[in-house]
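# Residue-level structural notes
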Amino acid sequence: MRLVLPLLLAVWVSAPSGGCSLPTSSCLQSPAKWCSSLDSAVQCGVLKQCLESDFRRSHQTEEPVQVGLYYESLCPGCRGFLTKMLFPTYLLLNDIMSVTLVPYGNAQEMPVAQKYTYECQHGKQECLGNMIETCIMNMTDMAFPIIFCMEFSADVIGSAESCLKVYAPDLSMDKVMSCVNGDMGMQLMHQNALQTKALNPPHQYVPWITINGVHTDDLQEKAMSSLFTLVCSTYKGTKPAACGGSQKLHYKSYCHNE
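Attention here is on the structure that accompanies the text. (Residues numbered from 1 in each chain as written. Predicted model: local features only at pLDDT ≥ 70, side-chain atom pairs only at ≥ 80, totals over all residues. Heavy atoms only, no water.)

## Digging into helix α5 (residues 124–139)
In this model, α5 (16 residues) spans 23 Å end to end at C-alpha, consistent with the 22 Å of a helix rising 1.5 Å per residue. When we look at burial in α5, the residues that qualify are E126, C127, G129, N130, M131, I132, E133, T134, C135 and I136. (Helix = DSSP H or I, 4+ residues; strand = E, 2+ residues; numbered from the N terminus. Expected span 1.5 Å × (residues − 1). Buried < 20%, exposed > 50% of the residue type's maximum accessible area, 1.4 Å probe, protein only.)

Here it is, written out as structure tokens:
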């Protein structure tokens, strides 16, 4: 049952304008990919919604607000922010915001024989979780909902395979683990370490949040309190309807009593 909420959220973000029709039997894509192509949108009965979403995105005149999250896979505060604040805000405001996830946090990197090993704040399992999520980000464009699904679950690492099956059924856990246990995973984690060490000011805790590459105590507090409000107020372009702006969404599509 822990996978039900992520699945419903995927349906929500893929069909922002609502509607009464159900996907047909020819709809073979997962809900999060209904808008991935014209054929998929037609087969799944969400063509109008997908076109409206594309129209809104194409008419954005300013750069999206860049939200960076430096975190650890088993950190309770990180998991809470990612699942209760960051992902829901992204579902509502993905037209005007982008998200960068860097799973490393307070880990320590140690060079050993031209390779790297890692020690993590919450032990070896956290290092494994960080590495799994890092590899997933390099292997599929569905990484954010998969990571949300993992972090929302009671067992972050144990849920990885089930989350993959929901959001990226073509990506097997074996392929992910090949990355985790190989040179690719090590190099990707090394990049996470470099990104984290390059933070200015240096991070003092996690979750550590940046807005357009900037971290201040004030931005951190505002992001933790209401990231939605912060993104809406930071975006310089025409505010979307979700922010109370002038862009209009067509929700007047009623399901009549027949």
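## Thoughts on the layout of surface pockets
A volume near 240 Å³ is recorded for the second largest pocket. Around the second largest pocket, the lining is made up of 15 residues, and of these Y118, C127, M131, V180 and N181 lie nearest the centre. Breaking the lining of the second largest pocket down by element, the ones donating at least two residues are β4 (115–119), α5 and α9 (183–197). The dominant element in the lining of the second largest pocket, judged by the number of residues it contributes, is β4, at five residues. (1 Å grid on protein atoms, 1.4 Å probe; cavity = no way out; pocket = protein on both sides within 12 Å on 5 of 7 lines; lining within 4 Å. Points joined across faces, edges and corners; volume = space filled by probe spheres on them.)

## Quick notes on the packing of aromatic side chains
Enumeration according to the criterion identifies six aromatic pairs in this entry. Ring geometry for F87 versus F144: centroids 5.0 Å apart, planes at 85°, classification edge-to-face. Note that F87 is positioned in helix α4 (residues 76–93) and F144 in helix α6 (residues 143–152), a separation of 57 residues in sequence. There is no split in this pair, since F87 and F144 are both buried. An aromatic cluster of three or more residues is present, and its members are F87, Y90, F144, F148 and F152. (Phe/Tyr/Trp six-rings, centres within 6.5 Å; stacked < 30°, edge-to-face > 60°.)

## Let's talk about α4
Taking 1.5 Å per residue as the helical rise, α4 with its 18 residues ought to reach 26 Å, and the 25 Å between its terminal C-alpha atoms agrees with that figure. By the largest-angle criterion, L82 marks the main kink of α4, which is about 40°. (Bend = angle between axes of the 7 residues up to and from the residue.)

## Concerning the pattern of salt bridges
Taken as a whole and assessed by the stated rule, the structure comprises four salt bridges. Of the charged contacts in the structure, one is a salt bridge between R79 and E151, with a shortest N-O distance of 3.5 Å. Of the two residues, R79 sits in helix α4 while E151 sits in helix α6, which places them 72 residues apart along the sequence. The partner of D218 in a salt bridge is K222, and the shortest N-O contact between them spans 3.2 Å. Of this pair, D218 and K222 are both found in helix α10 (residues 217–234), four residues apart, which corresponds to roughly one turn of the helix. Exposure remark for D218: the relative accessible area of 45% places this residue in the partly exposed category. Here K222 falls in the partly exposed class, since its relative accessible area comes to 41%. (Salt bridge = Lys/Arg side-chain N within 4 Å of Asp/Glu carboxyl O.)

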